[in-house]
Amino acid sequence: MKIRSAALCVAGAAILSTLAGAGQANATRPSSLVMSPSAVAAGGTVTADIYCLRPSGAGELATTLVADGLAAPIPLRVVGDGGTGGIGVALRGDGPVGTVPGRYTAAYDCWGWIVRAEFTVTN
């Protein structure tokens, strides 16, 4: 009976360590940029959601997103750590797109890692 109890304890510990490890998966999520909606009418508003994984010793990030197809730079604000327990930075901003229809690519520098997202301006 003692052997069975010991085996159950070991199995329980293995399950708990596996679950704890699964909780860390978000901590290593890659840096990303998402523009939404991906297609917007000329003069409409687009939202930029950015997540940057923070390397040790990292400095400040840019406070605006500049891209062709935008009417003006989008001001960005920090909205948290992206659910990573402090090893990342989540940024968000809204801004108007331009009036020239086309497909555009926005890019943002996450401490040397460039993230990109496409968006389309329609008539």
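All residue numbers refer to position in the chain's written sequence, counted from 1. Note on the predicted model: pLDDT of at least 70 is required for a residue's local features to be given, and 80 or more for side-chain atom pairs to be given and counted; whole-chain, interface and lining totals, by contrast, use all residues. The side-chain numbers reported here are obtained from all heavy atoms of the structure, hydrogens and water having been left aside.

Asker: Quick rundown of the nonpolar core? Include the residues and the values.
Answerer: Within soluble globular proteins, side chains that are nonpolar tend to cluster in buried spots. One finds Leu33, Met35, Ile50, Leu65, Tyr108 and Phe119 to be the most contacted residues of the largest nonpolar core, which totals 24 residues. Secondary structure follows DSSP: runs of H or I at least 4 residues long count as helices, runs of E at least 2 residues long count as strands, and numbering of each begins at the N terminus. Broken down by secondary-structure element, the contributors of at least two residues to this core are β1 (32-36), β3 (45-53), β7 (88-96), β8 (102-110) and β9 (113-122). Those residues in contact with Met35 that sit more than four places away from it in its chain are Val46, Thr47, Ala48, Leu65, Ile74, Ala106, Ala117, Glu118 and Phe119. Residues grouped as a nonpolar core are buried Ala, Val, Leu, Ile, Met, Phe, Trp, Tyr and Cys residues, joined through side-chain atoms within 4.5 Å. Partly exposed describes any residue whose relative accessible area lies between the buried limit of under 20% and the exposed limit of over 50%, with all areas from a 1.4 Å probe on protein chains only and scaled to the type maximum. The contact criterion used throughout is that any non-hydrogen atoms of two residues lie within 4.5 Å.

Asker: Outline the state of the cysteines, supporting the account with residue identities and numerical values.
Answerer: Our working definition of a disulfide is a cysteine sulfur pair at a distance within 2.5 Å. Following the criterion strictly, the structure yields one disulfide and no others. Bridging Cys52 to Cys110, the disulfide has an S-S length of 2.0 Å. Of note, the bridge from Cys52 to Cys110 carries an S-S torsion of about -55° and is left-handed in sense. Here the residue Cys52 occupies a position in strand β3, and Cys110 occupies one in strand β8, the gap between them amounting to 58 residues. Among the residues examined, Cys52 registers a relative accessible area of 0% and is labelled buried.

Asker: I'd like a rundown of unusual backbone geometry, residues and numbers included.
Answerer: Cis geometry is adopted by the peptide bond preceding Pro37, which originates at Ser36 and carries an omega value of -5°. In this structure, Pro37 sits in the loop between β1 and β2 (39-41).

Asker: Which residues make up the pairing of β8, and what values go with them?
Answerer: We call two strands paired when DSSP finds no fewer than two bridges between them. Both β8 and β9 contribute to a ladder of nine bridges, which runs antiparallel. Bridge pairing links Asp109 to Ile114 in β9. In sequence, β8 turns back onto β9 through a hairpin of two residues, with Trp111 there showing a positive phi of about 50°.

Asker: Residue-level account of the sheet that holds β9, with values.
Answerer: One open sheet holds the three strands; their spatial order is β2-β9-β8, and the pairing between them is mixed. The sheet terminates laterally at β2 and β8, the two strands that pair on one side only. On average, each strand axis in the sheet is inclined to that of its neighbour by 35°, with strand direction left out of account. Here three bridges tie β2 to β9, and the two strands are oriented parallel to one another. In the sheet register, Val40 faces β9, and the bridge partner there is Val121. Every axis in this analysis is a line fitted to C-alpha atoms, fitted for helices over the stretch in contact. Angles between the N-to-C directions lie between 0 and 180 degrees.

In short, the description is geometric, and any link to function would need to be established separately.
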